[in-house]
Amino acid sequence: MALSEVNNDRGELRVLENSDELRTDLADYIAELSEAAVKERGVFAIALSGGSLIDLMGKLCEAPYNKTVDWAKWYIFWADERVVAKNHSDSNYKLAKDGLLSKVPIVPSHVHSINDSVSAEEAADEYMFVIRQLVKTRMVSVSDISDCPKFDLILLGMGPDGHIASLFPNHSALDETDEWVTFIIDSPKPPPERITFTLPVINSASNVAMVVTGESKAEAVHLAIDNIGPDCPSLPARLVQPTKGKLVWFLDKPAASKLDGLQFSE
Ligand SMILES: O=C(O)[C@H](O)[C@@H](O)[C@H](O)[C@H](O)COP(=O)(O)O
């Protein structure tokens, strides 16, 4: 059970006692959204990120979720990907495949990873084309207020610098509003070449989950969530503001430790 659940204009905050509780809460949340999307649309379009997220999703490979989730209806995407070979240890596809996708009955043709044999720019263009086709057939829904894809769920981690997906502080990719997917070749976090969803796509999702653990993220969590007045930096994580969708933060106690005025109900 969450130590604290708070709703504010930065979304719903779920602070969990430890990583085990966070894993269970996250698995429940994803399983519920999957069930609701399958009921409503017949499919579940989910976008993953890299980093610690996949490990934190690990409970989905265990009972009861491995049997109760309708895996055949899942369509998998990446909110960001490193432009490396799919079998490279830096690949977000490899991370998800080894940690999750190979352990549950996902349909291989529903897994939409990037082309790893072309440049970052070409990979971004091709990936966007694939998403466009899936929007046309409504495997991926479309926003009511723009032509953006509306993913059922986008899962994001956050770096200690407040980056999300491969959108880093003060990087021009943050300003990209024309494209759904962009590329960078100078990521401050290695490897340098990446593709990433842009903010309009992230903010068009039906649900966005920010999954953040560890004390090294506490300051960025504070800056991303608390009302810090006019000096508020344009931290990428603070720019995650789903227009019509729902934002939920999954935090462990250390990551939440610098939040203003959070009362833990023990
Ligand atoms: O591919 C990536 O590098 C990511 O998608 C990135 O945005 C990640 O989610 C954060 O850096 C948090 O990573 P950790 O959870 O491992 O700190």
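Above: the structure in question.
Conventions adopted
Residues numbered from 1 in each chain as written. Predicted model: local features only at pLDDT ≥ 70, side-chain atom pairs only at ≥ 80, totals over all residues. Heavy atoms only, no water. Near = heavy atom within 4 Å. Polar contact = N/O pair within 3.5 Å; in protein donor to acceptor, adjacent residues only side chain to side chain. Areas by Shrake-Rupley, 256 points an atom, 1.4 Å probe, with all protein chains shown as cover. Buried < 20%, exposed > 50% of the residue type's maximum accessible area, 1.4 Å probe, protein only. Helix = DSSP H or I, 4+ residues; strand = E, 2+ residues; numbered from the N terminus. Core = buried A, V, L, I, M, F, W, Y, C linked by side-chain atoms within 4.5 Å. Contact = heavy atoms within 4.5 Å. Patch = residues over 30% accessible without salt bridge, like charges linked within 9 Å, V, L, I, M, F, W, Y side chains within 5 Å. Salt bridge = Lys/Arg side-chain N within 4 Å of Asp/Glu carboxyl O. Lys, Arg positive; Asp, Glu negative; His and termini not counted. Charge placed at Lys NZ, Arg CZ, Asp CG, Glu CD. Phe/Tyr/Trp six-rings, centres within 6.5 Å; stacked < 30°, edge-to-face > 60°. Pairing = 2+ DSSP bridges. Axes fitted to C-alpha atoms, helices over the stretch in contact; angles between N-to-C directions. Expected span 1.5 Å × (residues − 1).

### Some details on the site of the ligand
Close contacts around the ligand come from 15 residues, with Ser52, Asp80, His163, Ala165 and Lys189 the closest. Ala165 is positioned such that a nitrogen or oxygen atom in its backbone is 2.6 Å from an oxygen atom of the ligand. Alone, the ligand offers 420 Å² of accessible surface; in the complex the protein occludes 91% of this.

### Some remarks on helix H7 (residues 218-225)
Of all 8 residues in H7, 6 are buried, a share of seventy percent or more. When we look at burial in H7, the residues that qualify are Ala218, Ala220, Val221, His222, Ala224 and Ile225.

### So, the environment of Val43
By the secondary structure assignment, Val43 is in the loop between helix H1 (19-41) and strand E3 (44-48). By relative accessible area, Val43 is classed as buried at 8%.

### Digging into the nonpolar core
Grouped together as the largest cluster of nonpolar side chains are 94 residues, with contacts concentrated most on Ile30, Phe77, Leu155 and Phe197. At 9 residues, the largest contribution of residues to this core is made by H1. Those residues in contact with Phe77, other than ones at most four positions away along the chain, are Ala45, Ile46, Ala47, Leu48, His112, Tyr127, Ile131, Leu134, Val140, Phe151 and Phe197.

### Comments concerning a negative patch on the surface
On the surface, a cluster of negative charge is made up of Glu121, Glu122, Asp125, Glu126, Asp178 and Glu179. Tracing the chain through its elements places Glu121 in helix H5 (residues 120-136). Residue Glu121 is classed as partly exposed on the basis of its relative accessible area of 44%.

### Structural notes on the packing of aromatic side chains
Applying the stated criterion across every chain yields a total of 7 aromatic pairs. Geometrically, the ring pair formed by Phe44 and Trp74 is edge-to-face, given 5.1 Å between the ring centres and 65° between the ring planes. A residue pair is termed long-range when its members are at least 10 positions apart, and Phe44 in strand E3 and Trp74 in strand E4 (residues 74-78) qualify at 30 residues. On the basis of relative accessibility, which here comes to 0%, the residue Phe44 falls in the buried class. Connected via pairs of aromatic rings, a cluster forms that spans Phe77, Tyr127, Phe151 and Phe197.

### Describing the sheet that holds strand E9 (residues 181-184)
In spatial order, the strands read E5-E10-E9; together these 3 strands make up an open sheet with antiparallel pairing. Looking at strand neighbours, the two that pair on one side only are strand E5 (80-82) and E9, the edges of this open sheet. Taking the axes of each pair of neighbouring strands and ignoring which way they run, one obtains an average angle of 15° across the sheet. Examined bridge by bridge, E9 and strand E10 (residues 194-197) share 4 bridges and lie antiparallel to one another. If you follow Phe183 over to E10, its bridge partner there is Ile195.

### Considerations on the pattern of salt bridges
Tallied over the full model, the rule gives 13 salt bridges. Among the salt bridges present, the one from Asp55 reaches Arg23, with a minimum N-O distance of 3.0 Å. Of the two residues, Asp55 sits in helix H2 (residues 53-56) while Arg23 sits in helix H1, which places them 32 residues apart along the sequence. The partner of Asp144 in a salt bridge is Lys244, with the nearest N and O atoms 3.6 Å apart. Of this pair, Asp144 sits in the loop between strand E6 (141-142) and strand E7 (149-150) while Lys244 sits in the loop between H7 and strand E12 (246-252); the two residues are 100 residues apart in sequence, bridging distant segments of the chain. By the burial criterion, Asp144 is exposed, and Lys244 matches it. Through salt bridges with shared partners, a single ionic network connects Glu12, Arg14, Asp25 and Lys246.

### What about H5?
Its 17 residues give H5 an end-to-end C-alpha distance of 24 Å, which sits within 8% of 24 Å, the value for a rise of 1.5 Å per residue. Tucked inside the fold, the buried residues of H5 contact E4, E6, E7, E9 and E10. In the stretch just after H5, Arg138 is the one whose phi turns positive, near 65°.

### Considering the side chain of Thr182
Assignment of secondary structure puts Thr182 in strand E9. The contacts of Thr182, once residues within four sequence positions are left out, are Ala124, Ala173, Glu176, Arg194, Ile195, Thr196 and Thr198.

### Observations regarding unusual backbone geometry
Here the amide bond leading from Ala63 into Pro64 is cis, since omega sits at 0°, within 30 degrees of zero. In this structure, Pro191 follows Pro190 across a cis peptide bond, with omega equal to -5°. Mapped onto the fold, Pro191 is located in the loop between E9 and E10. A positive phi angle is found at Ala165, which is not glycine, with a value near 45°. Positionally, Ala165 belongs in the loop between strand E8 (153-156) and E9. Even without being glycine, Asn170 reaches a positive phi, approximately 60°. With respect to the helices, strands and loops of the structure, Asn170 is situated in the loop between E8 and E9. Given a relative accessible area of 74%, Asn170 falls into the exposed group.

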